[in-house]
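# Geometric and topological summary
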Amino acid sequence: MEMKKIIKVARKLAKPFRVTDGNGFRLKHFDPADTLEFTSEDKPRSKEALATGVQALAELQDMLYAQDRWAMLLIFQAMDAAGKDGAIKHVMSGVNPQGCQVYSFKAPSAEELDHDFLWRCMKYVPERGRIGIFNRSFYEETLVVRVHPEFLEKETLPPELVTKNIWKERFHDIRSFEHYLTRNGVVILKFFLHLSKKEQKKRFLERLENPEKNWKFSANDIKERAFWNDYADAYEQMIQHTATKDAPWFVVPADNKWFTRVVVASAVIEALDALDLHYPKVSKEKLKELAAAKRVLTRE
């Protein structure tokens, strides 16, 4: 499939799930099982579409790397078992490893807790020409820390700074940080993989019953599932306060992994295409140098 057709399809698939203004956003308006007009019978075709998308993404990323003007930051947030790792693995499978970097943020270390909440992520913002991927991010500071106030206590902030407005203040700081990055050539796409509670239960049981998936399960997963409604509220407010035109959220249906991956790939392809990427033009002096080199080689 030629690139123009791929871009057209990508725009169609990404648009319904893009949120650029959080005012009035409600999570209940997005169906975790949505697959647009596609059905389960289209799953084989979706794999072909993903393969085509991966190839297109590889071509665009190669130009991004060569042009060395823009950087791209992909942020993934989701409930446990929503498929973040799988989406990253499949969508980025064709990208040159030299032009892509993935960081998974776990519980903060003692050193990280002694810094501001953005510090540990700032260090890994991608350089120009590269795609950086955050598997979880600074948004955890408005999610798990909000659901579990005891984590906030470990940050040892001055008591007078821990007020009822702390979450709005953090949202403000995040918006400012993302705005700063976009003004410096970092394209930001944020993905919330929207999983239903029913589907999470199904995937947890698969991990428990399949020996090859046992390693994926943690007892903490069950503990966190008990806070499902609290997390849903936190995610909803996160998107309400941080969805902007420059750093949009994509609320991606996650009950069907095959569809999740196609939507993520479509959003990335569409964003890269909008950058007018191209390979650097070679100067006249450089062309003379190349011609001289060719003459030397042909004489051997």
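Coordinates for the structure precede this section.
Now for a description of the structure that goes with this document. (Residues numbered from 1 in each chain as written. Predicted model: local features only at pLDDT ≥ 70, side-chain atom pairs only at ≥ 80, totals over all residues. Heavy atoms only, no water.)

This brings us to the packing of aromatic side chains. Inspection of the entire model under this criterion finds 14 aromatic pairs. Grouping aromatic residues by their ring pairs yields a cluster made of Phe-17, Phe-38, Trp-258 and Phe-259. Stacked on the ring of Phe-117, the Lys or Arg Arg-170 has its end atom at 4.7 Å from the ring centre. (Phe/Tyr/Trp six-rings, centres within 6.5 Å; stacked < 30°, edge-to-face > 60°. Lys NZ or Arg CZ within 6 Å of the ring centre and 35° of its normal.)

What the rule picks out here adds up to 14 salt bridges. In this structure, the salt-bridge partner of Glu-236 is Arg-26, at a minimum N-O distance of 3.3 Å. Of the two residues, Glu-236 sits in helix H11 (residues 228–242) while Arg-26 sits in the loop between strand E1 (18–19) and helix H2 (43–67), which places them 210 residues apart along the sequence. Residue Arg-26 is classed as partly exposed on the basis of its relative accessible area of 35%. The residue Asp-80 makes a salt bridge to Arg-136 at a minimum N-O spacing of 3.1 Å. Of this pair, Asp-80 sits in the loop between strand E2 (71–78) and helix H3 (84–91) while Arg-136 sits in the loop between strand E4 (131–135) and helix H6 (144–147); the two residues are 56 residues apart in sequence, bridging distant segments of the chain. Salt bridges sharing partners connect three or more residues here, namely Asp-80, Arg-136 and Glu-140. (Salt bridge = Lys/Arg side-chain N within 4 Å of Asp/Glu carboxyl O. Helix = DSSP H or I, 4+ residues; strand = E, 2+ residues; numbered from the N terminus. Buried < 20%, exposed > 50% of the residue type's maximum accessible area, 1.4 Å probe, protein only.)

Moving on to H2. Along its 25 residues, H2 runs 35 Å from first to last C-alpha, staying within 8% of the 36 Å computed at 1.5 Å per residue. Within H2, burial applies to Ser-46, Leu-50, Gly-53, Val-54, Ala-56, Leu-57, Leu-60, Gln-61, Met-63, Leu-64 and Gln-67. Elements that come into contact with the buried residues of H2 comprise helix H1 (3–14), H3, E4 and helix H12 (257–273). (Expected span 1.5 Å × (residues − 1). Contact = heavy atoms within 4.5 Å.)

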